[in-house]
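# Close look at the chain arrangement
One letter stands for each residue in the lines below.
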Amino acid sequence: MELAAIMKDKLNAGDNVVALHEGVLLQGWSPKARRLLALVERNSSFGLFVFTTSRNPPQAFTDLTINFVVPIDNDFKCDIDSLSAESNSDIYINLSARNFKLLMGMDSGHETNNFFNELSRSMELYLKNQQTLDFQWLKKYNTNDLDLELGLMMNINGDNTQNNIITANMAVSENDIPFPTGTHTLSSRESVIQRQMILSEEQYTNAQNFSIYIGTWNVNGQPTMSSLNDWLICDSEPPDIYAIGFQELDLSKEAFLFNDSPREEEWLQAVTKSLNSKGNYRKVSLVRLVGMMLIVFVKNKHMDHVKNVATDTVGTGIMGKLGNKGGVAVRMDFHNTSFCFVNTHLAAHVEEYERRNQDYHNICSRMIFSNFTPPKTVKDHNQVYWFGDLNYRITEMDAISVKDLVRKNNFKTVLEADQLKQQHRAGNVFKGYKEGSINFLPTYKYDPGTNDWDSSEKNRAPAWCDRILWRGNSIKQIAYRSHPNLLISDHKPVSALFESEVKVVDLTKYRKIHEHIMKKLDKAENEYLPQVMVDNTEIIFHKVKFMEPQLKELTVANTGQVPVQFEFIKKLDDSTYCKEWLRIEPFTSFIDPGEKCDITLEVLIDKKSAYKMISGQDKLYDILVLHLEGGKDIFITVTGNYERSCFGCSLETLCYLKVPIKNIPFGKLMELENNKSNLTSDPYPVPKEVWYLVDHLYRHGLKQEHLFEQSGLRSEFIQIRNWLDNGTPDALPGSVHSVAEALLILLDSTSEPIIPYNLHATCLSAVSYYSQCKQIISQLPERSKNVFLYLCAFLQELLNHVNDNKLDVKTIASVFGEIFIRDPPRSRSDKSSHTRTSMSRKKTNFVYHFLVNDQSDLIIGTSF
């Protein structure tokens, strides 16, 4: 009987076999496992069927077992993989879809060509007719209970890729889980089992829907209201999860400078009292950074299924330190699905959309939940909800036109000029995120206490600053709305209700599958050893520059028959697995048979490593040890050339540089750094680089609002660095905010701070007495004293223009306190939050003395 006829007996009536082909499975634990692929059509829609056969060739339809059925839709891809494992096949085909990965080896020839021609045609037909196609007919087919040979092709863990090492998301009782969970370090065998369990989780989980309420409100520093019911209880049924985000919770200097605020408890109580009384909720976590606060609540009955809760904060103010802008996040595992809630307040002002984009990317890269191995980032979650005052405005349209269109409910025309939608469409921000349709009035800016648009002199155009976006599968937005009845702020609160599909574990199936995997692993461990191929063991970086990251990729392919766990390990007597200027992502991971892992190596010379490069060498060199669990070690060399910069030099050395640092031979630079006592030439009183930056700010920045509070653009910093290092007759580039940040980075990158480390404790103990503070400054090395007094004189002049620049002496004292009195390197990580706050206050008070008092007696005899 022909195979096509046998296949037709296996399929439902009306389902037509278009093409058939057999290949060798190049993944899994059994070598040369054969699978039968069938392209099946019904009503112009196509599905790819994967079969195992009990006899080869099959004699009847009962010899065929369906493993997987995949629709040929927008998620389906077919590629040739040139890094596949070796076999006797001539070509290697990578087939993938949303929950499906298949690497096959096939003989080249006419039949193979015909099969893939038909497959290509089906993909083209989908693109042409996708609006009318229906794939419901595929759901009638039942796949087999568990096929471990194909288990490795499944990638069901949301947005996590196969390149991430898996830490369990199993939110069932620990007594029911036969392997470690959460943040424990796992053995190689335990990790393999855990990996296989997660790859097979569709076999032992059931999908259940839960409701999630997201709320965001910029409260403009106002005291709390007695009731928030109009915002938090606007749905008939209580949600299973609340995630409530605030911005500008507290605008006081205490909150801004020291992250200390009584408003936290006030608003927490107001929210707690206003949750839906039918729900009976418990607080999962609260996290705050200055005025950004995020609170997550879950119904009491669900709390046993909430695991691995963690928080993080990222400030995106100047130098990435000040928390007046940035983000706060809470992550958790709920049943078998991972959630991340991110509340952010991005850069303000209409024209600053690039800084908003930069803030978004900074939060993505720096938001790290470090109590996991490896650490998790925002993207490493099944579902992400991102919300807050994103501050994107309306451009290319004046305020009168916007108000007129809004009054007519013509939101569509106005939203065409919405910066967030424009930047999202261009792929500059929130790639992979979705936002629901906006059918509510702009949320900013109102006269507080009213529903009237901004009537101030600035007459700001209305805008949808407050937004809610999401990322992940199986999320349905039920509602997206604003709440105009809450009047205390210049923003209106916004909320969204979601129906979220969560994976819930069936423990009976779970135990059965776990036992099956254990048996398969026992057999595989006795037969195979880990084998990988590395595409490059010599990584070379060219022309590495200060604060300008360079990326290289290293590909590791699993050419064996068993899963491989790798990890970069420390060399003998080393404290870390790589030098401080190198970052490896991921540093540990799993690779399934036939799969590969692309590892990113990032070199970044920052203030921690710049001085070492200047004073010791201009060559980058490291040896990495790539360790395979149960296998051999592979050694990889990393080399590069560092282009020296004035950033990282000592103040003393900079004062002796009469020409741009690019023109100084490296040997001479080392001599300056290491043998200053032998120098005879007359130095500048302050480094010319400091003078250039301060002079520019004096000429162009005295009246600039938020100077030394608002961060600059990274691209402009690179231009400023190049200008200082190379020398040029052109004007100093960049905005005043970027120049101000460059000045702070320059002062922060020196080997010793302006006030040396050995005087750190003395300064902090003297802050109550101005006379003692003056005595310390008078005893500083000459160049350090000159720079300190020069900067204080400039800052005093800056503060003479507070009516224009709106600056505050305490804020300036706080920013420069951290620069003038840097903590010794070894003391920074072992301080409690309370101790760090106390030290910050003392540094602020020390500098404050010199900003409000006359320094003429110290300056006498000092030449600038």
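What comes next concerns the included structure. (Residues numbered from 1 in each chain as written. Predicted model: local features only at pLDDT ≥ 70, side-chain atom pairs only at ≥ 80, totals over all residues. Heavy atoms only, no water.)

The next subject is the environment of Gln710. Looking at where Gln710 falls in the secondary structure, it is placed in the loop between helix H16 (688–700) and helix H17 (714–726). Discounting residues that sit within four places of it in the chain, Gln710 has contacts with Ile318, His349, Glu352, Arg355 and His737. (Helix = DSSP H or I, 4+ residues; strand = E, 2+ residues; numbered from the N terminus. Contact = heavy atoms within 4.5 Å.)

Strand order across the open sheet formed by 5 strands is E22-E29-E28-E24-E26, with mixed pairing between neighbours. Only two strands of the sheet have a single neighbouring strand rather than two, namely strand E22 (538–544) and strand E26 (588–591). Mean inter-strand twist for the sheet, computed between neighbouring axes without regard to direction, equals 20 degrees. Looking at chain direction, strand E24 (residues 564–569) and E26 are connected through 4 bridges and run antiparallel. From the neighbouring strand, Val564 faces E26, where its bridge partner is Ile591. (Pairing = 2+ DSSP bridges. Axes fitted to C-alpha atoms, helices over the stretch in contact; angles between N-to-C directions.)

We now examine the pairing of E24. Where E24 lies against strand E28 (residues 619–628), 4 bridges are found, and the strand directions are antiparallel. Paired with Glu567 across the two strands is His627, which belongs to E28.

In this section: the packing of aromatic side chains. Scanning the model with the defined rule gives 39 aromatic pairs in all. Taking the centre distance of 6.2 Å and the plane angle of 85 degrees together, the rings of Phe566 and Phe568 count as edge-to-face. Each member of the pair, Phe566 as well as Phe568, carries the same accessibility label: buried. With 5.2 Å between their ring centres and 80 degrees between their planes, Tyr692 and Trp723 make a pair best called edge-to-face. Of this pair, Tyr692 sits in helix H16 while Trp723 sits in helix H17; the two residues are 31 residues apart in sequence, bridging distant segments of the chain. With relative accessibility at 34%, the residue Tyr692 sits in the partly exposed group. Each residue in the set Phe210, Phe334, Phe339, Phe341, Tyr385, Trp470 and Phe498 is aromatic and connected to the rest through ring pairs, giving one cluster. Above the plane of the ring of Tyr392 lies Arg356, whose end atom (NZ or CZ) is 5.4 Å from the centre. When the ring centre of Tyr848 is taken as reference, the NZ or CZ atom of Lys810 above it lies at 5.5 Å. (Phe/Tyr/Trp six-rings, centres within 6.5 Å; stacked < 30°, edge-to-face > 60°. Buried < 20%, exposed > 50% of the residue type's maximum accessible area, 1.4 Å probe, protein only. Lys NZ or Arg CZ within 6 Å of the ring centre and 35° of its normal.)

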